[in-house]
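Below, each chain spelled out in residue letters.
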Amino acid sequence: MHPYELHARRDIMEERLSRTHEINKAILKQSEISKKIKIGGAGLNGQDNIAVGLTKEVELIVEGAAGDFFGALNSSAVITLTGNVARFLGDCMSGGGIIVNGNSDFGTGSYMSGGVIVIRGNAGDNAGQVKRAGALIIDGDAGVNAAYLMVGGDMIITGDCEDGLGELMIGGAVYIGGTYSSLGRNAKTVEMGLSDVNLLDTYFKHYGISAKSTTFRKIVPVSSDPLIAIKAKAPQAKDGGN
Amino acid sequence: MSCQSPYHDIVILPTYLFGNKPLDPSLDAIDTSLVIGDGRVQHPLRLEHSIMLADLSEISNIEARKALIYGASLGSLPYNMGLEGILRGDQDFVDEVGAKVIYPWTSNRFGVSAKMLNQATAIEIHISGTLLPSFKPMQEGGSSGPSMHMDMESPKDLKKHVDMLKEISDYNIPIILNIGAGNVYGDVKLAAKAGADAIVIDTNLLSHPHLKDLLGQDMGMPVLGIIPPALKAMKETNAKEENIKVLISGGSLSGMDVFKSLAMGMDGVCLGRNFLIRAFQGQGHPTTEEGKNDVTVEIPDNINWKQAGENVAMNIRGLTEQVGYLFAITANASKKTLTSECLRATTYDAASLTGLKLAGYEKALPIWMH
């Protein structure tokens, strides 16, 4: 584990912390006195459970690569990670935001019920699984079963997606700019409306994403009833692109 | 409907001449308490009589739920919120009566937030629940969602969840693992390694009516068969040295059942539907009854929550009084001296399942001699 330095906007602290609990305690302590916190220096090196359960409206910048459950149960903070992140980024998040300037792994945005996650890279399998609300924006490609069991909110993938896009989703919408290998059970494509285009434009402008909203396609559930959804067959046709 | 105690074939032996003399509960101090998280968290959960309430969230009757919350607070027990408790807005009434709460961390995660978790007395991770691979069926006024924790890819992730919840709660409150009574030995071993402060083995596998109809009653380890493998797993993982507690949930109807569980080695007991629904009916000190062993105990109509809550509290007090007397009669001032030596199995089956001495034979069966 590498030591790192924790800096606050006004109060400079030099602390050599490496373990998850030490890091989280330092973040909480700094959030009492400052709205801007940075974990700099050597940064993270794959520690799990960093920045979990943040309830204060702070801006947290984290350098390095994070492990599993980064930003889980975040409700208010806006967190930026400069490197890659492992599994279950933003798990059970209900507000605030997480921006990752790298790739994410399995289960990005699992159980989200609010807030925004932006991945400026590729996301692993099962991105947006059981997502209930909020927005998950992947400015890259996504793996298999994106939006698995999704219940609500928006999911935007500017790149391509593998098999099972929207598998067993019963709510919300997925917008995809690239191609997908196959749609999941209970998922169907529908026409984009003006409100959809405007929604994408708003997100793209706010987060500096270069994508053309009019080329996107919208995926929604066939049925919002889970008992019907689990009996649905997967669409037969493979996607041939735009 | 009446229900039979699963401990029916085990008897308690009072002390007369052999061993220490019996205690007098009115004069001698008897400690039947359980502390979960002692030395592990800043605010451990203290249970005066080693009992707590099971998750009864499948009970949809609002008055019954209020009765449980009220009764728990009168009986000085934390209320086990359960998933449905969050959905049905139990929190408001919890705040009104000032009850302590155990919050669930289920596969569903409805309404979960860091703020909510930090208001709890303890957090309970549910690894039990239904067995369907995808959605739980919708219930009237209920919820649907995955039956498995979608953010657990393997048993190793269980420790990450425990660690995450400890971080969120800043190591203030205990984390409890609730696992269904399936492969008890294997599951308890994995659970002990996950680092939770207590493990609850839940006998109520088929709480969902749909699954009861679909799968019937032959599911899960019987109550008597749970304790020996659980204790073996705890021993092999040095859980006791790390002060991890193990409790059994469900099956207990009376203080006698609780005492038998404790004497067989459990650290505590969770009181489930069979006990509480009888308590709603104001049946006084619950006793075991002969009859059909049916888990579908029905809630009476027209419950007055205040009266029913007082009945629940009365029954809890009655049960704890029974436990205290049983400790005294068997000459145990605390759980430290309590062993299964004061129990006898009265049937071959009970002796086989539990490893207890068989009455008359006065030894454990040869299959346990190894």
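### A word on the confidence of the model for chain B
All names here are of chain B.
Here comes step 1: Overall, the predicted model of chain B reaches an average pLDDT of 84, with 84% of residues at or above 70.
Here comes step 2: Overall, residues 284-296 carries pLDDT values under 50, and its contacts beyond four positions in sequence, including any with other chains, amount to 38 contacts.
Here comes step 3: As scored by the predictor, the complex reaches a pTM of 0.89 and an ipTM of 0.89.

### Thoughts on helix 5 (residues 156-168) of chain B
Here comes step 1: Its 13 residues place the ends of helix 5 of chain B 19 Å apart at the C-alpha level, agreeing with the 18 Å of an ideal helix rising 1.5 Å per residue.
Here comes step 2: Looking only at helix 5 of chain B, the buried set comprises D157, L158, H161, V162, M164, L165, K166, E167 and I168 of chain B.
Here comes step 3: Packed against the buried residues of helix 5 of chain B are helix 1 (20-31) of chain A together with strand 6 (101-105), helix 4 (114-117), strand 7 (122-126), strand 8 (175-180) and helix 6 (184-193) of chain B.
Here comes step 4: Looking one or two residues past helix 5 of chain B, D170 of chain B carries a phi angle of roughly 55 degrees, positive in sign.

### Points about the confidence of the model for chain A
Here comes step 1: On average, residues of chain A score 89 in pLDDT, and 90% of them reach the 70 mark or higher.
Here comes step 2: Counted against residues more than four places away or in other chains, residues 1-16 of chain A, with its pLDDT under 50, gives 48 contacts.

### With respect to unusual backbone geometry
Here comes step 1: With a phi angle near 60 degrees, Y111 of chain A is a residue other than glycine that sits in the positive phi range.
Here comes step 2: Within the secondary structure layout, Y111 of chain A lies in the loop between strand 5 (94-100) and strand 6 (113-119).
Here comes step 3: Phi angles above zero are rare outside glycine, and R109 of chain B is one such case at about 60 degrees.
Here comes step 4: Checked against the element boundaries, R109 of chain B lands in the loop between strand 6 and helix 4.

### What about the nonpolar core?
Here comes step 1: L73 of chain A together with W105 and L117 of chain B are the most contacted members of the largest nonpolar core, which has 103 residues in total.
Here comes step 2: Apart from residues no more than four positions distant in its own chain, L73 of chain A is found in contact with G53, L54, D91, C92 and M93 of chain A together with W105, V112, S113, A114, L117, M164 and I168 of chain B.
Here comes step 3: Core analysis: the next-biggest nonpolar cluster, separate from the first, contains 43 residues, A51, F70, V85 and L183 of chain A among them.

### A short note on the interface of chain A and chain B
Here comes step 1: Taken together, the contact between chain A and chain B spans 29 residues of the former and 31 residues of the latter.
Here comes step 2: Carbon and sulfur atoms supply 65% of the area buried between chain A and chain B, which totals about 2,500 Å² over both sides.
Here comes step 3: Ranking the residues of chain A by area buried against chain B places L73, Y111 and R132 of chain A at the top, with a combined share of 23%.
Here comes step 4: The interface formed by chain A and chain B contains 6 salt bridges.
Here comes step 5: Within the residue set of the side of chain A that touches chain B, elements represented by two or more residues are helix 1 and helix 3 (226-229) of chain A.
Here comes step 6: Looking at the side of chain A that touches chain B, the element that brings in the most residues is helix 1 of chain A, giving 4 residues.
Here comes step 7: Residue composition of the side of chain A that touches chain B, by class: 16 nonpolar, 7 polar and 6 charged.

Reading the values: rules and limits
Residues numbered from 1 in each chain as written. Chains lettered and ligands numbered in written order. Predicted model: local features only at pLDDT ≥ 70, side-chain atom pairs only at ≥ 80, totals over all residues. Heavy atoms only, no water. pLDDT = per-residue confidence, 0-100. Contact = heavy atoms within 4.5 Å. Helix = DSSP H or I, 4+ residues; strand = E, 2+ residues; numbered from the N terminus. Expected span 1.5 Å × (residues − 1). Buried < 20%, exposed > 50% of the residue type's maximum accessible area, 1.4 Å probe, protein only. Core = buried A, V, L, I, M, F, W, Y, C linked by side-chain atoms within 4.5 Å. Buried area = accessible area lost by both parts, 1.4 Å probe. Salt bridge = Lys/Arg side-chain N within 4 Å of Asp/Glu carboxyl O. Nonpolar A, V, L, I, M, F, W, Y, C, P; charged D, E, K, R; others polar.

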